[in-house]
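Here's the letter readout for the chains.
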Amino acid sequence: MDNFAFIIHPLDPKRDVKRKFPLLGRVLPVPAINFLSRFFPPLYISHITGVRSEATGKEVEGWFVACPYTPQRMLTLPPETVYRKVIATAHLAERLGAKLVGLGAYTSVVGDGGITISRSVNVPVTTGDSYTVASAVEATKKAAAIMAIDLPRATLAVVGATGAIGAVAAELLAEDVPQVVLIGKRLDRLAEVKARCEKAGAQVSVTNDLNLLRQADLVLTVTSALEAIVEPQHLKSGAVVCDVARPRDVSKAVAEQRDDVFVFEGGLVEIPGPEASFNFDFGLPPRMCYGCMAETIALALEGRYENYTLGKDLTVAQVKEIAGIARRHGFKLAGFRSFEHAVPETEIERLRLKAARGRSLL
Ligand SMILES: NC(=O)c1ccc[n+]([C@@H]2O[C@H](COP(=O)([O-])OP(=O)(O)OC[C@H]3O[C@@H](n4cnc5c(N)ncnc54)[C@H](OP(=O)(O)O)[C@@H]3O)[C@@H](O)[C@H]2O)c1
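Summarised in this report is the structure supplied together with it. What you are looking at is a predicted structure, and each value in this text was computed from that prediction instead of being measured.

1. Details of the nonpolar core
Nonpolar side chains in soluble globular proteins generally cluster together in the buried interior.
Stage number 1. Formed by 85 residues in total, the largest nonpolar core has its most connected members in Phe64, Leu182, Phe262 and Phe331.
Stage number 2. Those residues in contact with phenylalanine 64 that sit more than four places away from it in its chain are Phe6, Ile8, Tyr44, Ile45, Ser46, Ile48, Phe278, Phe280, Phe282 and Met293.

Laid out in structure tokens, this is it:
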């Protein structure tokens with residue numbers, strides 16, 4: 001059978017360790033989990049079953065395997081040390097028979113975005129970032145339509161615009177939005193992304209000042225920061241905010257203090273196959289997963305066993321191609337979720353009315 005494996009790792013140390021080891025998760029404090037994660041071996045997590053293409057009827061199976069490092073460990077250990085553990089995890093996937101390995105969350109953020117890792121693995125590797133971009137951009141446009149934000153008159157801000165996901169997401173959205181603010185830490189690299197967005201048709205400014213987020217009707221935020229960076233004072237009333245980062249970029253204080261902005265998790269997708277099951281609770285409802293997981297599964301359904309997305313320089317063409325492949329096999333945008341909960345239709349309607357009232361008062 002065609003198949004794939006996907007490497008996950010704990011994002012929220014206590015919560016995620018508890019999912020696999022309830023006792024350890026309960027008794028160990030976070031610093032101890034961060035410290036001990038270095039000494040844990042790669043782990044088999046679950047067998048993924050029942051994923052079926054709507055286009056061809058083909059079924060694929062897969063496996064979740066886990067690299068034990070926490071985000072704090074991934075970003076503070078030397079990249080070579082992290083690579084070694086991710087490669088060992090990929091080798092576990094190979095022993096299970098995987099024909100393609102997807103790199104989840106920080107396993108693709110570290111270093112060169114999977115290039116070095118792929119050289120030591122005998123099967124193709126993908127970061128899944130192309131479909132993460134496709135699904136986040138689609139969700140952002142859908143949310144804008146719900147909130148009656150007219151794209152040809154809107155201002156977009158992308159936070160983390162120099163990153164693998166941020167740069168190409170900005171370029172894609174610049175095809176539809178005339179004003180783009182690129183926010184990042186490195187102004188030289190921002191200039192490169194600015195040129196790409198201008199070519200797509202937008203007027204672009206660059207900054208390292210998060211306060212300029214207040215200009216934006218649409219925000220896509222996707223940094224690799226360990227702590228939340230978008231705070232209540234940064235957002236314009238009525239704004240749509242797509243948070244693609246894991247862990248989240250948008251602070252919980254935004255949920256508590258701002259009932260006039262629509263914040264949702266970007267890159268969430270429903271997989272095809274009525275019986276599809278991950279056989280592991282990683283915090284999303286059944287049949288829902290992250291874009292990076294969905295890319296890996298879609299490639300297996302398509303029989304495209306190749307290093308599809310590697311490195312930090314993604315292209316718009318790649319993103320559009322994987323979006324087409326995934327759509328054909330039946331992957332769909334999942335319902336909106338915000339701060340770990342589904343956003344009910346009633347709440348979306350309340351936000352829509354509030355934004356409309358706010359605009360009519362201007
Ligand atoms: N939802 C999904 O399906 C999904 C899938 C894959 C990845 N992700 C998440 O997406 C995020 C980004 O991934 P990526 O592959 O694009 O990573 P990346 O290429 O390393 O880019 C991260 C960007 O964030 C910036 N950054 C880091 N810390 C920051 C801070 N404190 N303030 C402002 N900017 C900061 C970096 O700037 P410098 O380079 O200048 O440091 C870089 O531009 C991660 O959180 C990852 O877990 C989500």
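2. Some remarks on the sheet that holds strand E4 (residues 101-103)
Stage number 1. Taken in spatial order, the 5 strands of this open sheet run E2-E3-E1-E4-E5, and their pairing is mixed. A single partner strand is all that each edge strand has here, and the edge strands are strand E2 (43-52) and strand E5 (125-126).
Stage number 2. One ladder, built from 3 bridges, connects strand E1 (residues 3-8) with E4; its direction is parallel. Looking at E4, one finds that isoleucine 7 is bridged to leucine 103.
Stage number 3. Running at roughly 145° to strand E3 (residues 59-66), helix H5 (residues 79-96) makes contact with E1, E2, E3 and E4 of the sheet.

3. A word on the site of the ligand
Stage number 1. For the ligand, the set of nearby residues contains 26 residues, the closest of which are Thr162, Ala164, Ile165, Arg186 and Arg246.
Stage number 2. Within the side chain of aspartate 129, one N or O atom sits 3.4 Å away from an oxygen atom of the ligand.
Stage number 3. Within the contact set of the ligand, an oxygen atom lies 3.2 Å away from a backbone nitrogen or oxygen of serine 224.
Stage number 4. The protein chains hide 86% of the 930 Å² of surface that the ligand would expose on its own.
Stage number 5. Put simply, the parts of the chain that give the shell around the ligand at least two residues each are helix H6 (106-109), helix H8 (129-146), helix H9 (164-173) and helix H12 (291-302).
Stage number 6. Class assignment of the residues belonging to the shell around the ligand gives a composition of 12 nonpolar, 9 polar and 5 charged.

4. Points about the side chain of arginine 246
Stage number 1. Tracing the backbone shows arginine 246 in the loop between strand E10 (240-243) and helix H11 (252-257).
Stage number 2. From its side chain, arginine 246 meets the backbone oxygen of aspartate 243 in a polar contact 3.4 Å long.
Stage number 3. Polar contacts involving the side chain of arginine 246 include one to the side chain of glutamate 265, which spans 3.4 Å.
Stage number 4. In this view, arginine 246 contacts Leu11, Tyr106, Glu265, Gly266 and Tyr290; residues no more than four positions away in its chain are not counted.

Conventions we followed
Residues numbered from 1 in each chain as written. Predicted model: local features only at pLDDT ≥ 70, side-chain atom pairs only at ≥ 80, totals over all residues. Heavy atoms only, no water. Core = buried A, V, L, I, M, F, W, Y, C linked by side-chain atoms within 4.5 Å. Buried < 20%, exposed > 50% of the residue type's maximum accessible area, 1.4 Å probe, protein only. Contact = heavy atoms within 4.5 Å. Pairing = 2+ DSSP bridges. Helix = DSSP H or I, 4+ residues; strand = E, 2+ residues; numbered from the N terminus. Axes fitted to C-alpha atoms, helices over the stretch in contact; angles between N-to-C directions. Near = heavy atom within 4 Å. Polar contact = N/O pair within 3.5 Å; in protein donor to acceptor, adjacent residues only side chain to side chain. Areas by Shrake-Rupley, 256 points an atom, 1.4 Å probe, with all protein chains shown as cover. Nonpolar A, V, L, I, M, F, W, Y, C, P; charged D, E, K, R; others polar.

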